[in-house]
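Structural overview
Residues per chain are reported as follows:
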Amino acid sequence: MSLTKRIGYGVTLGCDPTGASSFTTLGAVVDGIDGPDAKTDKVDTTILSDKFKTAAGAQIDPGTATFKIAYDPSDTDTTQKLTALHQSSAVASWQVTYPGPVTDNPFLGFVAGFKRTIETKNLVVAEVTIQVSGTAGYGTTAAA
Amino acid sequence: MQLDIDLTTFMSAQLSGKPVEQNKLAEDYTTTPAVVFFRSDSTEDLLLNGDAGLTTTNYDVEIYGSDIDAVESAADTLKTALHGKIGAMGDSTILGAFVSDHASDYVPKADLATDEGLNSSTFSLQIIQ
């Protein structure tokens, strides 16, 4: 399949707090989604007779995903949903959707961090960190 | 822009009906002091999904007239009323208004439009919605 160039504008993040696949878009994501930062553990499989070292991939740590939201304590769609997930540590399912629409595979994770920032002349925001559990979700499913 | 209209009405009310115009001097600028203001820029932020974020609008406000005391008194009245204002301004709702002095090299446009050597007091105004 040929490359489709994409920019971040128009990308949405969906969440199903139950961990299933009925996603509702989080409408207040401010300016980007970072991660998950998946990393593979490396195992050295070199033996003495090898001129060049060899390695194999072992387990994959899916890492974390972070994003900022416009924080509003009365916002039921985003702020209240995420703060409830943070307080319950429930494993939710998440999915990134690109304009098209085209979706990444969903990934599971719990809200591991929530930090609000209040400044005089800037939007009140909160940085949300998701600890991913299982696959990082990279890979594109067919168009919806 | 609705905010321009509401700002005009608001400033005129603070000055008991003195002339307030956008982008041009009042026809009768001998009724001093008078106010002219210019919108220098307006920026609307967008959230990732395209929803509107904050809109920030910047204005240059000039109070001008032949009586320097009246000009400065009017400028002080407007600065006090505008700086830190939150909430309704006519039909607009603002999250915050902030007044700051102009840079020392700002040239009042009111001075450029007349040859009568008027006194002027200027400030910049930022409104966040």
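Attention in this report is confined to the structure presented alongside it. Treat the numbers as computed from the prediction; the structure is a model and nothing was measured.

What counts and what doesn't
- Residues numbered from 1 in each chain as written.
- Chains lettered and ligands numbered in written order.
- Predicted model: local features only at pLDDT ≥ 70, side-chain atom pairs only at ≥ 80, totals over all residues.
- Heavy atoms only, no water.
- Helix = DSSP H or I, 4+ residues; strand = E, 2+ residues; numbered from the N terminus.
- Contact = heavy atoms within 4.5 Å.
- Buried area = accessible area lost by both parts, 1.4 Å probe.
- Nonpolar A, V, L, I, M, F, W, Y, C, P; charged D, E, K, R; others polar.
- Buried < 20%, exposed > 50% of the residue type's maximum accessible area, 1.4 Å probe, protein only.
- Pairing = 2+ DSSP bridges.
- Axes fitted to C-alpha atoms, helices over the stretch in contact; angles between N-to-C directions.
- Core = buried A, V, L, I, M, F, W, Y, C linked by side-chain atoms within 4.5 Å.
- Patch = residues over 30% accessible without salt bridge, like charges linked within 9 Å, V, L, I, M, F, W, Y side chains within 5 Å.
- Areas by Shrake-Rupley, 256 points an atom, 1.4 Å probe, with all protein chains shown as cover.
- Salt bridge = Lys/Arg side-chain N within 4 Å of Asp/Glu carboxyl O.
- Lys, Arg positive; Asp, Glu negative; His and termini not counted.
- Charge placed at Lys NZ, Arg CZ, Asp CG, Glu CD.

1. Things to note about the environment of A:Thr4
Note that A:Thr4 resides in the segment before β1 (12-16). Separated by 75 residues in sequence, A:Thr4 and A:Thr79 place their C-alpha atoms 32 Å apart.

2. Points about the interface of chain A and chain B
Taken together, the contact pairs 16 residues of chain A with 10 residues of chain B. Approximately 1000 Å² of surface area, both sides summed, lies buried where chain A meets chain B, with 68% of it carried by carbon and sulfur atoms. Among the residues of chain A in contact with chain B, A:Tyr9, A:Lys121 and A:Leu123 are the three that bury the most area, contributing 44% of the side total. Looking at the side of chain A that touches chain B element by element, the count peaks at 5 residues for strand β3 (residues 29-34) of chain A. Here the side of chain A that touches chain B is built from residues that sort into 7 nonpolar, 7 polar and 2 charged.

3. A closer look at the environment of A:Thr120
All names here are of chain A. Tracing the backbone shows Thr120 in the loop between β9 (107-117) and β10 (125-133). The exposure class assigned to Thr120 is exposed, which follows from its relative accessible area of 71%. Put simply, Thr120 and Ala70 are 50 residues apart on the chain and 14 Å apart in space, counted from C-alpha to C-alpha.

4. Considering unusual backbone geometry
With an omega of 5°, the peptide bond between A:Gly35 and A:Pro36 qualifies as cis. Note that A:Pro36 resides in the loop between β3 and β4 (39-44). Omega for the peptide link from A:Gly100 to A:Pro101 comes to 0°, which places this bond in the cis form. Within the secondary structure, A:Pro101 is located in the loop between β7 (92-98) and β8 (102-103). Its identity is not glycine, yet B:Ser16 carries a phi of approximately 55°, on the positive side. Look at B:Ser16 and you get exposed, because its relative accessible area is 68%.

5. Notes on the sheet that holds strand β2 (residues 34-46) of chain B
All names here are of chain B. Across the sheet, which stays open at both edges, the 5 strands sit in the order β1-β2-β3-β7-β6 with mixed pairing between neighbours. At either margin of the open sheet sits one strand with a lone partner, and together these are β1 (20-22) and β6 (96-101). Adjacent strand axes in the sheet meet at a mean angle of 25°, parallel and antiparallel pairs treated alike. Relative to β2, β1 is paired through 3 bridges, and the arrangement is parallel.

6. Some remarks on the nonpolar core
Counting 24 residues, the largest nonpolar core has A:Leu26, A:Phe67, A:Ile69, A:Leu82, A:Leu85 and A:Trp94 as the members making the most contacts within it. Among the secondary structure elements, those contributing two or more residues to this core are β1, β3, β6 (64-70), α1 (79-88), β7, β9 and β10 of chain A. The dominant element in this core, judged by the number of residues it contributes, is β10(A), at 5 residues. Counting residues in hydrophobic clusters, the runner-up holds 23 residues, among them B:Leu3, B:Val20, B:Phe37 and B:Leu82.

7. Let's talk about a negative patch on the surface
A cluster of acidic residues, A:Asp34, A:Asp37, A:Asp41, A:Asp61 and A:Glu127, forms a negative patch on the protein surface. For A:Asp34, a relative accessible area of 53% gives the class exposed.

8. Some points on the pattern of salt bridges
Residues and elements named next belong to chain B. Counted by the stated rule, this structure contains 3 salt bridges over all chains. Residues Lys79 and Asp101 are paired through a salt bridge, measuring 3.6 Å at the closest nitrogen-oxygen approach. Linking Lys79 in helix α2 (residues 68-82) with Asp101 in strand β6, this pair joins segments that are 22 residues apart in sequence. Among the residues examined, Lys79 registers a relative accessible area of 22% and is labelled partly exposed.

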